[in-house]
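# Survey of secondary and tertiary structure
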Amino acid sequence: MDIVESISVLQTVYQLANLSPWILDKKTWSFLQSRVLELYTTIVIIGSSALMLYSLFTDDILVKASDNEIGQTVDSVQMVGIRMAHIASVLESLIRKNDQKKFYDDVKEIDRIFESSLGITINNRILIIKERLNELVAALDEVNLTAEPSTPMRTRMAQNHSGHVFSPKRQQESNIENSPLTKLVVIRNIYDRLHSQSVVINHCFGVSMLINVGNDFISITSNCYWIFINFKDFSSTVIDFLQIACSAIWSVPHLLNVLVLAFICERTVHTSVDMALILHRINSNFNNDKYGSAVTQFSLQLLHQKLSLTAAGFFTIDSTLLYTIVGATTTYLIILIQFHLNEMKPNT
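Predicted, not measured: the structure shown is a model, and the values here were computed from it. (Residues numbered from 1 in each chain as written. Predicted model: local features only at pLDDT ≥ 70, side-chain atom pairs only at ≥ 80, totals over all residues. Heavy atoms only, no water.)

### Points about the layout of surface pockets
- Taken as a whole, the largest pocket encloses approximately 1200 Å³ of empty space.
- What lines the largest pocket is a set of 36 residues, and nearest its centre among them are Tyr 14, Ile 201, Phe 205, Met 209 and Leu 261.
- Counting residues per element, the ones that place at least two in the lining of the largest pocket are helix H2 (8–16), helix H4 (69–95), helix H5 (97–118), helix H6 (128–141), helix H9 (180–232) and helix H10 (238–280).
- Broken down by element, the lining of the largest pocket gets its largest block of residues, 9 residues, from H9. (1 Å grid on protein atoms, 1.4 Å probe; cavity = no way out; pocket = protein on both sides within 12 Å on 5 of 7 lines; lining within 4 Å. Points joined across faces, edges and corners; volume = space filled by probe spheres on them. Helix = DSSP H or I, 4+ residues; strand = E, 2+ residues; numbered from the N terminus.)

Here you go:
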């Protein structure tokens, strides 16, 4: 199945959410420019920005003293964060629209190489980079470089008589296609292309991931602080229970967003590490200079071309991100609690 065909339903969702200004031609499975979608996205960006600015710079109940002032402030901070994350995601998708189209075109070319050179048909799903890395790992695991390069009988006879190699063109092409060394070179080429696509992903969605993760962190911290305030003044009423439950439930989507993002990126990067481990365990005849050189070059390529999915280069998105967010949330929560307790002390 074509990569664009496999995401046709997801593409419709992207269009409704203003995350893709392209329309899908289902006859050729290609992206076509749509001025209507671009105008729709522009209107949404302007409207969302105006709404956010209006809520920030107008007289609001948040600036008035009340019994729920802290809770209202927490809600306001979260709403501003959500609006900023939405605007950033939509704006970046509009600015990087050509890069998004090029990404799918390059993935199509990678799938063509998989099928023509390795005989592998990609079953396209959501995890585009990881699925292709998994196929590369499986293909690399089948490479065997222990056998000496075989010379056809007719070639050996020609060598014995004249010292020159004269082999039929068809047989020569067959030997090249079936060569384990050639297969290893193809795998290297595909990995290089996949690494380039990971750079494109960082380029297309880096700012969106940065702001969304930042919004998740602020929302989790704010809700934890609000839960502490409710527990401090807890009086076993229905309203107190509902406020604590609502804050906990509101934190779940933000926590899941970070968990899913970190898990997917971590597993994708870990697949490239598996490839390096398999390469070092590959059966190879290192007495053959070509085999040894190919393995060494691929090993150096994996060493210097490490997959890394980042949030606009500010931090790497992997499992360590969860530890960082937990530590930062705890630190800021302690600071907020100390400020709150100091404000509650009577003036002396």
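### Focus: the packing of aromatic side chains
- If you walk through the whole model with that rule in mind, you get 4 aromatic pairs.
- Arranged with centres 5.3 Å apart and planes meeting at 45°, the rings of Phe 31 and Tyr 104 form a pair that is tilted. Note that Phe 31 is positioned in strand S2 (residues 30–33) and Tyr 104 in helix H5, a separation of 73 residues in sequence.
- By relative accessible area, which is 8% here, Phe 31 ends up buried.
- The exposure class of Tyr 104 is buried, given its relative accessible area of 13%.
- Here the aromatic rings of Tyr 191 and Phe 298 are separated by 6.4 Å at their centres, their planes lie at 65°, and the arrangement is edge-to-face. Residue Tyr 191 is found in helix H9, and its partner Phe 298 is found in helix H11 (residues 289–304); the two are separated by 107 residues along the sequence. Residues Tyr 191 and Phe 298 agree in their burial class; the two are buried. (Phe/Tyr/Trp six-rings, centres within 6.5 Å; stacked < 30°, edge-to-face > 60°. Buried < 20%, exposed > 50% of the residue type's maximum accessible area, 1.4 Å probe, protein only.)

### Thoughts on the pairing of S2
- Across 4 bridges, the pairing between strand S1 (residues 22–25) and S2 is antiparallel. Along S2, the bridge assignment pairs Leu 24 with Phe 31.
- Remark: 4 residues form the turn of the hairpin made by S1 and S2, two consecutive strands paired antiparallel; Trp 29 in that turn has positive phi of roughly 50°. (Pairing = 2+ DSSP bridges.)

### Quick look at the UniProt feature "transmembrane region" (unreviewed entry) in the protein
- UniProt records the feature "transmembrane region" (unreviewed entry) for residues 36–57 and 321–341 in the present numbering.
- Span residues 36–57 is 100% helix and 0% strand, its end C-alpha atoms 32 Å apart.
- In residues 321–341, the share of helix is 100% and the share of strand is 0%. The end C-alpha atoms are 30 Å apart. (UniProt positions renumbered as here; feature names shortened; annotations may be inferred.)

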